[in-house]
Amino acid sequence: MKFGVVIFPGSNCDHDAYYALSTNLGKRVVYLWHQSEDLEGCDAVLLPGGFSFGDYLRTGAIARFSPILRSVRKFAEAGGLVLGVCNGFQILVEAGLLPGALLRNRGLKFICRTLHLRTETTDTPFTCELRRGDVLATPIAHGEGCYYADPATLDRLRREDRVLFRYATPAGGLTPEANPNGSLDSIAGIVSEGRNILGMMPHPERASDPLMGSSDGLRIFASVATWLSQSARRDNLRLTGVVRQTL
């Protein structure tokens, strides 16, 4: 099992993600430079937080043209797992891999603090180790994290069970006060139609070690590892069945 962490000029959470995946999760991890088109055989790719290309024009607007995104798109279209965190979410939206847009926070100020996410669905590779309603303590650090989409898109996300996380109180309640940036429907994370691309504004890599005050974010990465392991076992069983049929 191999994870790849993409580095853009301006990434500042790449090392955090690397540490969480390698040290806390115990998996093999490689860095992927934005100018390369080689994903180096990774089983999952993470686009980290930061300020890619200085957030000029719009957040993620320049990074979407990086050569690595061409490979990420092909990888995702083939069913590969892609996780975009904070700026990574913004890049995925700009690239058209996820719907909607990330706008300036409601209060027009950068927000950096720990808050709570309510798990809305477990029917994804990113939440298969969670239970619906689980509340995760996870930090945010963004100035443009207000999720926006037109009514038809929002309705489709709800109908297709594609909202993974919503901002909530510690008890799991949805209140205006618990929504830090004004995101529509309190949305903190969504998945693609194929359920293999996740974009989320909170930082699970900053909540993957007890020394950071919470290890709740590690459960998201553990879900990915579990899903990949189960997929590998299913593939091996199918391959074994094919071999037996040819004998």
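Since the structure is predicted, the reported quantities are computational estimates derived from the model, not experimental observations.

**Q** Is there a simple way to think about the environment of Leu21 in this case?
**A** Looking at the element boundaries, Leu21 is found in helix α1 (residues 14-24). Judged by its relative accessible area of 1%, Leu21 falls in the buried class. The spacing of Leu21 and Gly172 is 151 residues in sequence and 27 Å in space, taken between C-alpha atoms. For Leu21, the contacting residues outside a window of four places in its chain are Phe3, Val5, Gly26, Lys27, Val29, Leu46 and Phe221.

**Q** So what exactly am I meant to see when it comes to the pairing of strand β10 (residues 187-191) here?
**A** Side-chain direction in a regular strand flips from residue to residue, so the side chains alternate between the two faces of the sheet. Counting buried positions over the five residues of β10 gives five, a clear majority of the element. In this structure, strand β9 (residues 163-168) lies alongside β10, joined through three bridges in antiparallel fashion. Counterpart to Val163 in the pairing with β10 is Ile190. When β10 meets strand β11 (residues 197-200), the two strands line up antiparallel, connected through three bridges. Bridge pairing in β11 places Ile190 opposite Gly199. With antiparallel pairing between neighbouring strands as the criterion, β10 and β11 make up a hairpin whose turn holds five residues, including Arg195 at a positive phi of roughly 65 degrees.

**Q** How should I be thinking about the nonpolar core in this particular structure?
**A** The nonpolar side chains of a soluble globular protein tend to be buried with one another. Val45, Phe126, Tyr147 and Phe165 are the most contacted members of the largest nonpolar core, which has 65 residues in total. Top contributing element to this core by residue count: helix α5 (residues 218-246), with six residues. What Phe126 contacts, discounting residues up to four positions off in sequence, is Leu81, Val82, Leu83, Leu164, Val191, Arg195, Asn196, Ile197, Leu198, Ile220, Ser223 and Val224.

**Q** Sorry if this is basic, but what is going on with the environment of Gly100 here?
**A** Assignment of secondary structure puts Gly100 in the loop between α3 (87-94) and β5 (101-103). Using a relative accessible area of 32% as the deciding quantity, one classes Gly100 as partly exposed. Remark: the alpha-carbon pair of Gly100 and Tyr147, spanning 47 residues in sequence, is separated by 7.0 Å. Look past the residues within four positions of Gly100 in its chain and what remains in contact with it is Val93, Tyr147, Tyr148 and Ala149.

**Q** Where do I start with the pairing of strand β7 (residues 135-142) in this structure?
**A** Most of β7 sits out of view: seven of its eight residues are buried. Bridge count between strand β6 (residues 111-119) and β7: eight bridges; the pairing is antiparallel. Its bridge partner being in β7, Leu117 is matched across the sheet by Leu136.

**Q** I keep staring at helix α2 (residues 67-77) and nothing clicks. Help me out?
**A** Given 3.6 residues per turn, any residue in an α-helix points the same way as the ones three and four places further on. Taken as a whole, α2 has its buried residues at Pro67, Ile68, Leu69, Ser71, Val72, Phe75 and Ala76. On its buried face, α2 sits against β1 (2-7), β2 (28-33), β3 (44-47), β4 (81-85), α3 and β11. A positive backbone phi angle near 100 degrees is found at Gly79, which sits one or two residues after α2.

**Q** I'm lost on the packing of aromatic side chains in this one. Help?
**A** How two aromatic rings sit relative to each other is given by the distance of their centres and the angle of their planes. Tallying each qualifying case throughout the model produces two aromatic pairs. Between Tyr18 and Tyr31 the ring centres are 4.7 Å apart and the planes differ by 25 degrees, which places this aromatic pair in the stacked class. With a gap of 13 residues between them, Tyr18 in helix α1 and Tyr31 in strand β2 connect regions that are remote in the sequence. Their ring planes at 15 degrees and their centres at 6.1 Å tell us that Phe89 and Tyr147 sit as a pair that is stacked. Here Phe89, found in helix α3, pairs with Tyr147, found in strand β8 (residues 146-148); they are 58 residues apart in sequence, far enough to count as distant. On the accessibility criterion, Tyr147 (0% relative accessible area) is buried. A cation over an aromatic ring shows up here: Arg64 above the ring of Phe65, its NZ or CZ 4.6 Å from the ring centre.

Rules and cut-offs
- Residues numbered from 1 in each chain as written.
- Predicted model: local features only at pLDDT ≥ 70, side-chain atom pairs only at ≥ 80, totals over all residues.
- Heavy atoms only, no water.
- Helix = DSSP H or I, 4+ residues; strand = E, 2+ residues; numbered from the N terminus.
- Buried < 20%, exposed > 50% of the residue type's maximum accessible area, 1.4 Å probe, protein only.
- Contact = heavy atoms within 4.5 Å.
- Pairing = 2+ DSSP bridges.
- Core = buried A, V, L, I, M, F, W, Y, C linked by side-chain atoms within 4.5 Å.
- Phe/Tyr/Trp six-rings, centres within 6.5 Å; stacked < 30°, edge-to-face > 60°.
- Lys NZ or Arg CZ within 6 Å of the ring centre and 35° of its normal.

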